[in-house]
Amino acid sequence: MVCITLSGITAFPIEAEIKFLDSHSGIFPSAMKEWIHSINTGITATNQSYPFLAYGTDWLAFAHIVIALIFVGPLLNPVRNKWVIDWAIISCLLVFPLAFIAGPIRSIPFFHILIDCSFGIIGIIPLLIVRKKIKELELMRHTI
């Protein structure tokens, strides 16, 4: 819940964050450095000419916060709300087709597609652990 909320909040100041990354891009390999600079140029130009487009990332941030709230259910009653964990696992798996289909269409570099896919991998690990714990809790309740 905390991680998805924080990742959402970071979408609000995206221009400042990308400017910061661009100014410190010397630590990255050259392909990444060029990509970060390209993103910075694009976001800066877009925000200067069409600032209303950033409203889309504001809604992206809001969606992350709302999605984090759905996990209150499993926190309070894990067995009853295990469907939320199942939904989240499916969501993590769906990161892969989206990244590999939309990435090339949007001219996203392959290394960035892999970074996006890493969120699905990183996200699914704790979810699988939680899902296993919920199953154990279910078995304990049935044996009592």
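Note that the coordinates shown come from a computational prediction; the quantities given were computed from them, not determined experimentally. (Residues numbered from 1 in each chain as written. Predicted model: local features only at pLDDT ≥ 70, side-chain atom pairs only at ≥ 80, totals over all residues. Heavy atoms only, no water.)

## Structural notes on the confidence of the model for the chain
Phase 1: Per-residue confidence for the chain gives a mean pLDDT of 95, with 99% of residues at or over 70.
Phase 2: Per-element mean pLDDT across the chain ranges from 93 in helix α1 (residues 2-9) up to 98 in helix α6 (residues 82-105). (pLDDT = per-residue confidence, 0-100. Helix = DSSP H or I, 4+ residues; strand = E, 2+ residues; numbered from the N terminus.)

## Side note on the side chain of Glu138
Phase 1: Relative to the helices and strands, Glu138 resides in helix α7 (residues 110-143).
Phase 2: Not counting chain neighbours up to four residues away, the residues in contact with Glu138 comprise Val79, Lys82 and Arg131. (Contact = heavy atoms within 4.5 Å.)

## Digging into a nonpolar patch on the surface
Phase 1: There is a patch of nonpolar side chains on the surface, built from Val2, Leu6, Ile9 and Phe12 and spanning about 390 Å² of accessible area.
Phase 2: By secondary structure assignment, the location of Val2 is in helix α1. (Patch = residues over 30% accessible without salt bridge, like charges linked within 9 Å, V, L, I, M, F, W, Y side chains within 5 Å. Areas by Shrake-Rupley, 256 points an atom, 1.4 Å probe, with all protein chains shown as cover. Salt bridge = Lys/Arg side-chain N within 4 Å of Asp/Glu carboxyl O.)

## Some words on the side chain of Asn81
Phase 1: By the element assignment, Asn81 lies in the loop between α5 (72-76) and α6.
Phase 2: Classification of Asn81 as buried rests on a relative accessible area of 17%. (Buried < 20%, exposed > 50% of the residue type's maximum accessible area, 1.4 Å probe, protein only.)

## Overview of the environment of Thr57
Phase 1: Following the sequence through the fold, Thr57 ends up in helix α4 (residues 54-70).
Phase 2: In this structure Thr57 comes out as partly exposed when scored by relative accessible area, which is 23%.
Phase 3: Each C-alpha atom of the pair Thr57 and Ile14 lies 8.3 Å from the other, and the pair is 43 residues apart in sequence.

## Observations concerning the pattern of salt bridges
Phase 1: Taken as a whole, this structure holds 3 salt bridges when the rule is applied.
Phase 2: Of the charged contacts, one joins Lys19 and Glu15 as a salt bridge, the two residues approaching to 2.8 Å between their closest N and O atoms. Of this pair, Lys19 and Glu15 both sit in helix α2 (residues 14-23), 4 residues apart, which is roughly one turn of that helix.
Phase 3: Residues Glu138 and Lys82 are paired through a salt bridge, measuring 2.5 Å at the closest nitrogen-oxygen approach. Here Glu138 is found in helix α7, whereas its partner Lys82 is found in helix α6, with 56 residues between them in sequence.

## Some details on the packing of aromatic side chains
Two aromatic rings are characterised by how far apart their centres lie and by the angle between their planes.
Phase 1: For the coordinates displayed, the defined rule picks out 5 aromatic pairs.
Phase 2: On the numbers, 5.9 Å between centres and 80° between planes, the contact of Tyr55 with Trp59 is edge-to-face. Of the two residues, Tyr55 and Trp59 both sit in helix α4, 4 residues apart, roughly one turn of that helix.
Phase 3: What makes Trp59 partly exposed here is its relative accessible area of 46%. (Phe/Tyr/Trp six-rings, centres within 6.5 Å; stacked < 30°, edge-to-face > 60°.)

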